[in-house]
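Understanding the architecture of this molecule
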Amino acid sequence: MAIRAKSFPVVAGHAAFKPYKTPADRAYYELKRRILTCGLTPGSRVDEKILSTEIGVPAEALRGACRRLQRERLVDAVDSRRYGVATFTLDDIRELTEVRRVMESRTAALAAEHARPDEIARLLILAELKYQPGERRTYLHYLAYNTAFHRQLAHASRNARLESAVASVLDQIQRPLYLGLDVGLDSHEATSEHLQVVDAVRHKRPVLAARLMWDQITSAEKRMIEAFGDNGFA
């Protein structure tokens, strides 16, 4: 059976979930996918010649993708024509997690006050996270659906600026989240955590929704820090 792209959540950086329209799009999404999944390791050089050949785009399209990714803090400029993959540290994980706890506990509470039935139905679809810890080829599904779930929750808050801020932080923390899947939480437990938040939203319990989100993000921080050391970044 053919699968339509629109059946999946559209999440930047996940090539399996978004069709390419131009060479610039192809370069951006493919390069971002490789960075988010640590196919291009933190601190490594973005080799323009090799990557433009592998991805099948002109060098200028690749440089344009690097400029976009620089604005998202995923790529650093070495000079006007050379780029490297941005590094991340334990302090980055802790700071981004702290921001997430503050913002996303609030978005969960606001969603519990404002979410429409169709938005709750969408959250239920996105809540299911299918992946196998230790099998990194399965992690793209997690990254796409987990990000889409949190963005949908932020959208239901009815605060466009808060929604935009949540999306930005989620992009920045994708790489440690990806590595954190090697540690601990299985897909059934992860799905259950999301469903608990949806249940609090559906029953209009903002305090509970905020607490659940705070606790879940704190647990994710512990897994990311453990995985950070396991992968030799410490």
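Just so it is clear, the structure is predicted and the values come from calculations on it, not from any experiment.

Concerning helix H7 (residues 160-172)
An ideal rise of 1.5 Å per residue puts 18 Å on 13 residues; H7 measures up with 19 Å between its terminal C-alpha atoms. Among the residues making up H7, those that are buried are Leu162, Val166, Ala167, Val169, Leu170 and Asp171. Looking at the buried side of H7, the elements it contacts are helix H1 (23-36), helix H4 (90-114), helix H6 (139-155) and helix H8 (174-180).

Concerning the packing of H4 against helix H10 (residues 206-230)
For the pair H4 and H10, interaxial distance at closest approach is 8 Å and the crossing angle is 160°. Put simply, H4 runs roughly antiparallel to H10. Judged by the twist between their axes, the crossing of H4 over H10 is right-handed. The class makeup of the residues in the contact of H4 with H10 is 15 nonpolar, 3 polar and 6 charged.

Overview of the packing of aromatic side chains
Using the criterion set out here, one finds 5 aromatic pairs in the structure. A centroid spacing of 4.9 Å and a plane angle of 75° characterise the contact between Tyr28 and Tyr29, whose relative ring orientation is edge-to-face. Grouping residues by exposure puts Tyr28 and Tyr29 together as buried. With a centroid separation of 5.1 Å and 75° between ring planes, the pair formed by Tyr131 and Tyr142 is classed as edge-to-face. Of this pair, Tyr131 sits in the loop between helix H5 (117-127) and H6 while Tyr142 sits in helix H6, and the two are 11 residues apart along the sequence. Residue Tyr131 is classed as buried on the basis of its relative accessible area of 6%. What makes Tyr142 buried here is its relative accessible area of 7%. Every member of this aromatic cluster is reached through a ring pair, and the members are Tyr131, Tyr139, Tyr142 and Tyr178. Taking NZ or CZ as reference, Arg68 lies 3.6 Å from the ring centre of Tyr28, over its face.

Cut-offs applied
One numbering rule holds for all chains: residues counted from 1, following each sequence as written. Selection of residues for local features in this predicted model requires a pLDDT of at least 70, selection of side-chain atom pairs for listing and counting requires 80 or more, and totals for whole chains, interfaces and linings are taken over all residues. Side-chain metrics rest on all non-hydrogen atoms present in the structure, leaving aside hydrogens and water. Each helix is a run of H or I in the DSSP string that is no shorter than four residues. Each strand is a run of E no shorter than two, and both are numbered from the N terminus. By this rule the span expected of a helix is its residue count minus one, scaled by 1.5 Å. Only protein chains enter the accessibility calculation, which uses a 1.4 Å probe; a residue whose area is less than 20% of its type maximum is buried, one above 50% is exposed, and one in between is partly exposed. Contacts are assigned to residue pairs with any non-hydrogen atoms lying within 4.5 Å of each other. Each axis is a line fitted through C-alpha atoms, taken for helices only over the stretch in contact, and angles between the N-to-C directions span 0 to 180 degrees. An angle counts as roughly parallel when it lies under 35 degrees, as roughly antiparallel when it exceeds 145, as roughly perpendicular when it falls between 65 and 115, and as oblique in every other case. Note on convention: the crossing is left-handed when the near helix lies turned anticlockwise from the far helix by less than a right angle, right-handed when the turn is clockwise. Gly is placed with the polar residues, together with every amino acid not listed as nonpolar (Ala, Val, Leu, Ile, Met, Phe, Trp, Tyr, Cys and Pro) or charged (Asp, Glu, Lys and Arg). We call Phe, Tyr and Trp rings a pair once their centres come within 6.5 Å, taking the six-membered ring for Trp, and we label the pair stacked below 30 degrees between planes, edge-to-face above 60, and tilted otherwise. Geometrically, a charge over a ring is one whose NZ (Lys) or CZ (Arg) sits within 6 Å of the ring centre while staying within 35 degrees of the ring normal.

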